[in-house]
Each structure stands twice: as structure tokens, then as C-alpha cells.
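Read off the chains here:
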Amino acid sequence: MPVDTKTALLDSAERAARHRGFDAFSYADLSKDVGIRKASIHYHFPSKADLAVALMKRYHDVTKAACHAIDEQHDTGANRLRALIAHYRAALGNGKSLCLCVSFVAARESLPAEVTQEIHAFHQTVLAWLGGTFAFGQTDGSISWVADPNQEAAAMLPLLEGAQLSARAEEDATVFDTALRLMQNRFS
């Protein structure tokens, strides 16, 4: 099925942001990749700030759907966390890219306030899901040593994001695996 122009632009921009950073691509790059004139891009996204907001909203929706699917497919807190870790690891592309949120956070100073608000909303969604998942793992006994599920969530999200940055810096996804090993040793 053919992809509409707006979706093609979002896909191209997301790939560029995840691999090179949000500041490292232009509308000229998108024009070349998608095969349309720069003026046509401005029709869909009048500014790069508008594009960034749309990207972050879409990424937030995709992540919410992924968390919902994880809940549906996995019956223990530990297995749900394993699945989320796998989701974050897959975003690394063998250490050559980052998840969109981490890429945006790295360029925070150049992002408009609307994007940083979307990043905050994204983080709140993931933190709530993680807190619920740690609570579930505490109850079902599949995650050891959970004292406070919300504190666990507050530590896990920066662990995931920081591990991505470290793996990207080394261009080696095994750095991500090493960073998450201690956490995963708590899973039964």
C-alpha cells in the first residue's frame, strides 16, 4: 500500500533524527529522500518545529501502543520489562541510532517548548507504565527486591535512555546489554 506524503515525510525525518540527530538534517534532505519539492514539505509542516511536534506525538502514540501490546502479550512483570528492554534495544540499530525521544533530548536546547512538552508527556506515560509494571512484578514475584515501584520506574527510564546513549557513542549495542544486565538479573 502506498504511503501518503505526510507519513513519508515523518518516516524520513524520524530516520534522520534517530541516526544523525534532529539538528543534522534539513528540509532539503527530506525533499531529496521523499522526492518532493521543499515547498511541498512546508505545506505539511510549515516549520521544522511543527515537524518535531508531529514526530514526538506520533512516537508517543506508537510507544503507548507498544506498551499496551506488551501488557497483552506477557503475563508477568518481568516478561513485560524484558519486552520493553527489547523494544529500546531494537531502536539502537546495532548502535547506529537512538530512539526518537533520546535523540530529541540530546538536542533539547534547539527544540521549541512544544516539543519539550511532548517529551515530558512521553516520559510521564513511560514512567506510569514502568511503575505499574514494577508493581505487577512485585505482586507476581517475578521481579526481585522491588521496594517502591515508582522509584524503580524513576531509575529504569534513565537507565534505558542512558544505556542507549552509551551504546550509540560506542556504536556497539552490546554496551546497552551490559548496562541492563544487573536489572535483568532481578527478573525471574
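To start, this report covers the structure provided alongside it. None of these values were measured; they are calculated from a predicted model.

Further remarks concern helix α4 (residues 48-73). Here α4 contains 26 residues, and its C-alpha end-to-end distance of 37 Å stays within 8% of the 38 Å for a straight helix at 1.5 Å per residue. Inspection of α4 places Leu51, Ala52, Val53, Leu55, Met56, Tyr59, His60, Thr63, Ala66, Cys67 and Ile70 among the buried residues, and these make up the whole buried set.

Okay, the pattern of salt bridges next. Evaluated as defined, the whole model comprises eleven salt bridges. Ionic pairing is found between Arg20 and Asp29, a salt bridge with its closest N-O pair at 3.7 Å. You can call Asp29 partly exposed: its relative accessible area is 35%. The salt bridge involving Asp177 is made with Arg89; its shortest N-O contact spans 2.5 Å. Residue Asp177 is located in helix α9 (residues 174-184), and its partner Arg89 is located in helix α5 (residues 77-90); the two are separated by 88 residues in the primary sequence. With a relative accessible area of 25%, Asp177 lands in the partly exposed category. The exposure class assigned to Arg89 is partly exposed, which follows from its relative accessible area of 29%. Overlapping salt bridges, with partners in common, bring together Asp11, Glu14, Arg18 and Arg58 in one network.

Another point: unusual backbone geometry. Positive phi is not limited to glycine here, since Asn94 has a value of about 60°. As for its position among the elements, Asn94 is in the loop between α5 and α6 (100-106). One non-glycine residue, Trp145, adopts positive backbone phi at about 60°. Along the chain, Trp145 falls in the loop between α7 (113-140) and α8 (149-170).

For Ser142, the location among the structural elements is in the loop between α7 and α8. With a relative accessible area of 5%, Ser142 lands in the buried category. Within the local environment of Ser142, its side chain forms a polar contact with the side chain of Asp140, the two groups lying 2.6 Å apart.

Another aspect to go through is α8. When the terminal C-alpha atoms of α8 are compared, their 31 Å separation across 22 residues agrees well with the 32 Å that a helix rising 1.5 Å per residue should span. When α8 is considered as a whole, its buried residues turn out to be Pro149, Glu152, Ala153, Met156, Leu157, Leu160, Glu161, Ala163, Gln164 and Ala167. Seen end-on, α8 carries its buried residues on one side only, within an arc spanning 150°. In α8, the exposed residues that point more than 90 degrees away from the buried face are Gln151, Ala169 and Glu170. Contact partners of the buried residues in α8: α5, α6, α7 and α9.

With 55 residues, the main nonpolar core has Leu51, Tyr88, Phe104, Leu130 and Phe176 as its most contacted residues. For this core, the element with the most residues is α4, which contributes eight residues. Here Leu130 is in contact with Leu81, Leu84, Ala153, Met156 and Leu157, once residues within four sequence places are set aside.

Calculation criteria
- Residues numbered from 1 in each chain as written.
- Predicted model: local features only at pLDDT ≥ 70, side-chain atom pairs only at ≥ 80, totals over all residues.
- Heavy atoms only, no water.
- Helix = DSSP H or I, 4+ residues; strand = E, 2+ residues; numbered from the N terminus.
- Expected span 1.5 Å × (residues − 1).
- Buried < 20%, exposed > 50% of the residue type's maximum accessible area, 1.4 Å probe, protein only.
- Salt bridge = Lys/Arg side-chain N within 4 Å of Asp/Glu carboxyl O.
- Polar contact = N/O pair within 3.5 Å; in protein donor to acceptor, adjacent residues only side chain to side chain.
- Arc of directions from axis to C-beta.
- Contact = heavy atoms within 4.5 Å.
- Core = buried A, V, L, I, M, F, W, Y, C linked by side-chain atoms within 4.5 Å.

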